[in-house]
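# Descriptive analysis of the structure
So you can see what is in the structure, the chains are spelled out below.
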Amino acid sequence: MKTEIINVTKSYGKKRVLTGVNITAESGSCVGIIGKNGSGKSTLFSVLSGIARKEEGDFLYGGESLFSSKKKRRELLGFVPQTPPLMEELSAKDNLSLWYTKDALELSLDEGVLRMLGVGDFLKTEVRKMSGGMKKRLSICCAVAHDPRLLILDEPSASLDIEGKEKIAEYLTLFKEKGGTVLLATHDSLEFEICDKTYLLKDGKAEEFSYDRSSFKEMFR
Amino acid sequence: MSYLKLCLKRASKASVPLIVITLILLSAASLLLFTYLSRDKEVKRIGVVGNTEDTYIDIALTLLSENESFEITPLSRDEAESLLKSGDIQGYAEIPEGFVSSAMKGKNIPFTYIALKKPSSLYHVITKETVSSVAVLLNESQNAVYGMRQYLKDNAMKSQLGEKSEEMSFKYVSAILQRKNLFDVKTVGIADSVSTVEYYFVSIIIVFALLLGASASPFMIKSHAGLPVLLKSRGISPLKQVLCELFAFFSVIYAIVFSLLFVVSFVLDASLFIYALKLIPVIFTLTALQFMIYETSDALVSGTLFQFFASLTFAFISGCFYPSFLFPRLLRDMAGVLPVGSAFSLGRSLLSGGAGFYDVTLLLLWCVILTALSVIIRKIRIVRWGI
């Protein structure tokens with residue numbers, strides 16, 4: 001299944017943030033999107049996940065418009081926001097119970113994403129007592145509870161330790177292997193390693209480029 | 001688990017620290033109420049300066065002293081000034097020379113009531129107004145006596161003038177001043193048809209609920225917004241989010257207020273169960289207002305301060321601390337239609353059993369407006385948080 005972002009535009013007032021973004025991704029691949037702060041990465045993800053309205057353009061999965069069908073978008077798309085979508089006063093289990101049925105939770109703890117990301121180790125811990133890495137792993141588990149085919153992550157490794165980053169990279173690799181598509185906004189070199197294609201978001205447009213460490217530093221000058 | 005259930009679970013966790021705060025607030029409120037009630041029973045000491053040996057004045061003072069609300073003490077001016085400054089008397093009336101004789105001749109020389117420059121409390125205002133009404137009553141009775149004397153003169157009954165006018169004076173003064181409930185007549189009318197104690201009972205509930213709501217700021221202020229963003233992307237609309245969170249917030253505040261009223265009903269030996277149930281729209285309006293304010297805040301310290309100041313300002317202008325009739329007309333009218341003012345008004349009406357269609361409709365309208373505003377703010381913020 002091919003994922004296509006076609007000529008997506010978005011403005012806030014008079015400011016044009018996205019002036020026609022075009023991105024394509026094959027099933028089983030990961031697309032990395034980089035750009036300076038304020039370049040429009042989060043805006044693009046907000047539009048794709050239905051939080052903000054697009055002005056023009058389309059978002060297709062297997063030829064079907066996800067902008068036209070909200071139901072389809074909710075079914076196919078998982079979105080991990082930059083800040084953890086969690087209730088701080090409640091435990092990991094309570095937070096997961098919003099997204100998982102009891103059976104699905106047990107199954108996932110046995111052989112699913114919860115096991116893979118090691119959430120079972122801190123299931124009864126209150127979110128406010130968790131580290132940044134634990135919160136991020138829990139956030140991913142919440143976002144993928146409905147087993148989406150397309151995963152959008154906004155800087156998943158921001159402020160995480162190496163162990164946390166590695167666990168997330170491991171999961172994303174497996175997600176790809178199972179035929180899922182990943183769209184990833186990142187500045188992290190470890191995450192770039194799992195990307196099959198990278199785009200630079202600049203002046204409201206996405207340009208494809210080949211990632212290497214030297215050109216990566218050059219781009220942000 | 002549904003979002004509503006999760007919000008209720010979260011709110012129940014929040015209720016533990018809220019109950020601790022409640023106990024502290026409850027102690028403070030009980031102390032205030034106790035002080036207020038004991039002051040209400042205090043005898044108001046009023047001094048009288050001037051010629052108090054005149055027969056009519058003496059009768060008037062004797063009869064006024066029979067009223068349980070007052071203690072009238074004849075004093076010299078120096079004594080009166082000293083006692084006033086020390087707070088031992090509420091004020092003193094200065095009776096000018098020829099006060100009675102001038103009235104007998106149809107002239108009105110007013111006596112002066114002297115109090116501290118700035119009334120320090122509600123009692124001062126009430127005392128001042130009571131004395132003023134006594135002055136009016138006295139003056140009217142003197143006018144009546146003067147009219148009687150004139151009648152006797154005009155009808156060639158001059159021989160009976162001394163005897164009859166004295167008799168009339170005694171009867172008028174006695175009839176008017178022997179009212180035991182003079183003080184109560186003035187206190188009824190602070191607002192609607194509730195007594196002073198009832199007025200402040202409702203105001204304490206309102207202020208208490210507002211303070212409770214403001215104390216919930218650590219749970220209510222969203223410093224980050226990952227959850228509303230994810231909920232929106234998963235199809236849980238801002239309207240549903242707000243309704244679930246508002247209902248959970250209301251539930252915990254109402255549960256605490258209800259428990260408080262339950263305890264108070266035992267202490268006062270009065271049934272407040274039905275009243276507590278009727279208070280649902282009142283408490284809901286207050287929580288909807290506070291929820292809306294929380295929606296505009298994303299920093300804990302500034303958000304908490306804003307909530308406290310907003311709550312106390314609303315409570316103040318709505319007359320929760322001082323009766324609203326002491327405020328300028330414009331402010332009074334404005335406060336009456338604002339959420340806290342209309343909630344306070346309905347709370348009083350429910351207590352006196354006279355809740356009208358207007359009160360209920362206004363409150364329901366506020367519930368809808370405040371909830372709608374919260375939804376709009378949430379929508380805007382989700383987009384902002386998302387980028």
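The rules behind the values
Numbering of residues starts from 1 in every chain and runs along the sequence as written. By the order in which they are written, chains take letters starting at A while ligands take numbers starting at 1. It should be noted that, the model being predicted, local features are given only for residues of pLDDT at least 70 and side-chain atom pairs only at 80 or more, the latter also being counted only at that level, while totals for whole chains, interfaces and linings use all residues. To get the side-chain values, all heavy atoms of the structure are used, and hydrogens and water are removed first. Put simply, DSSP marks the helices as runs of H or I at least four residues long and the strands as runs of E at least two long, and each gets a number from the N terminus on. For every residue, the accessible area (1.4 Å probe, protein chains only) is compared with the maximum for its type, and the residue is labelled buried under 20%, exposed over 50%, or partly exposed between those bounds. When checking whether two residues touch, look at their non-hydrogen atoms; a contact exists if any pair is within 4.5 Å. The method behind every accessible area is Shrake-Rupley, applied with a 1.4 Å probe, and residues are considered shielded solely by the protein chains displayed. Each patch is assembled from residues with relative accessible area greater than 30% and no salt bridge, linking like charges that lie within 9 Å and nonpolar side chains (Val, Leu, Ile, Met, Phe, Trp, Tyr) that lie within 5 Å. What counts as a salt bridge is simple: a side-chain nitrogen of Lys or Arg found within 4 Å of a carboxyl oxygen of Asp or Glu. Asp and Glu count as negative and Lys and Arg as positive, but His and the ends of the chain are not part of the count. By convention, the charge on Lys lies at NZ, on Arg at CZ, on Asp at CG and on Glu at CD. Strands were regarded as paired on the criterion that DSSP finds at least two bridges between them. To get an axis, a line is fitted to the C-alpha atoms, and for a helix only the part in contact is used. The angle between two axes follows their N-to-C directions and goes from 0 to 180 degrees. pLDDT is a residue-level measure of predictor confidence that goes from 0 to 100. Buried area is understood as the total, over both parts, of accessible area removed when two parts are fitted together, assessed with a 1.4 Å probe. Side-chain atoms alone can form a polar contact between residues adjacent in sequence; in general such a contact is a pair of N or O atoms within 3.5 Å, and within protein one must be able to donate a hydrogen while the other accepts it.

## Regarding the overall build of chain B
Helices and strands together make up the secondary structure of chain B, namely 17 helices and four strands. A buried classification covers 48% of the 387 residues belonging to chain B. Intrachain contacts of chain B at a sequence separation of at least 6 include 76% that bridge at least 24 residues. As displayed, chain B offers around 19000 Å² of accessible surface, 64% of which is attributable to carbon and sulfur atoms.

## Side note on the overall build of chain A
Scanning chain A for helices and strands turns up nine helices and ten strands. For chain A, the proportion of its 221 residues judged to be buried stands at 56%. For chain A, restricting intrachain contacts to residue pairs at least 6 apart in sequence, the fraction spanning at least 24 positions comes to 67%. With an accessible surface of roughly 10000 Å², chain A has 46% of that area assigned to carbon and sulfur atoms.

## What to know about a positive patch on the surface
On the surface, Arg53(A), Lys70(A), Arg74(A) and Lys379(B) cluster together into a patch of positive charge. Along the chain, the position of Arg74(A) falls in helix α2 (residues 70-76). The class for Arg74(A) is partly exposed, based on a relative accessible area of 30%.

## Observations concerning the sheet that holds strand β9 (residues 197-202) of chain A
Residue and element names in this part refer to chain A. Ordered in space as β6-β7-β8-β3-β9-β10, the six strands form an open sheet in which the pairing is mixed. A strand with exactly one partner marks an edge of an open sheet, and here the two such strands are β6 (77-80) and β10 (205-209). Ignoring which end each strand starts from, the neighbouring axes of this sheet average 20° apart. Both strand β3 (residues 30-34) and strand β8 (residues 181-185) contribute to a ladder of four bridges, which runs parallel. From the neighbouring strand, Gly32 faces β8, where its bridge partner is Leu184.

## As for the confidence of the model for chain B
Averaged over chain B, the pLDDT score is 79; the fraction of residues at 70 or greater is 77%. Contacts for the low-pLDDT stretch residues 180-189 of chain B, under 50 throughout, to residues beyond four places or in other chains number 16 contacts.

## Here's the deal with the side chain of Ser108(A)
Mapped onto the fold, Ser108(A) is located in helix α4 (residues 102-111). Contacts of Ser108(A), omitting those with residues within four sequence positions, involve Tyr100(A), Val113(A), Leu114(A) and Arg115(A).

## Describing the interface of chain B and chain A
Interfaces are often sized by the amount of accessible area the parts lose when they come together. At the interface, 25 residues of chain B touch 28 residues of chain A. Together, the buried faces of chain B and chain A total about 2500 Å²; carbon and sulfur atoms form 67% of this surface. Counting across the chain B and chain A interface gives three salt bridges. Put simply, Glu89(A) and Arg10(B) hold a salt bridge, and the shortest N to O gap is 2.6 Å. Taken together, the connections running from chain B to chain A amount to six residue pairs in polar contact (both at pLDDT 80 or more). The greatest single-element share of the side of chain B that touches chain A, amounting to seven residues, is contributed by helix α10 (residues 226-233) of chain B.

## Concerning the sheet that holds strand β5 (residues 64-65) of chain A
All names here are of chain A. A sheet is described by the order of its strands in space; here four strands give the open sequence β2-β1-β4-β5, paired in antiparallel fashion. With one partner strand each, in any of the chains shown, β2 (15-26) and β5 form the two edges of the open sheet. Pairing between strand β1 (residues 2-12) and β2: nine bridges, direction antiparallel. Residue pairing for β2: Ile5 is matched across the bridge by Ile23. Each of β1, β2 and β4 (56-61) is contacted by helix α1 (residues 41-48), which is oriented at about 115° to β1, the strand it contacts most.

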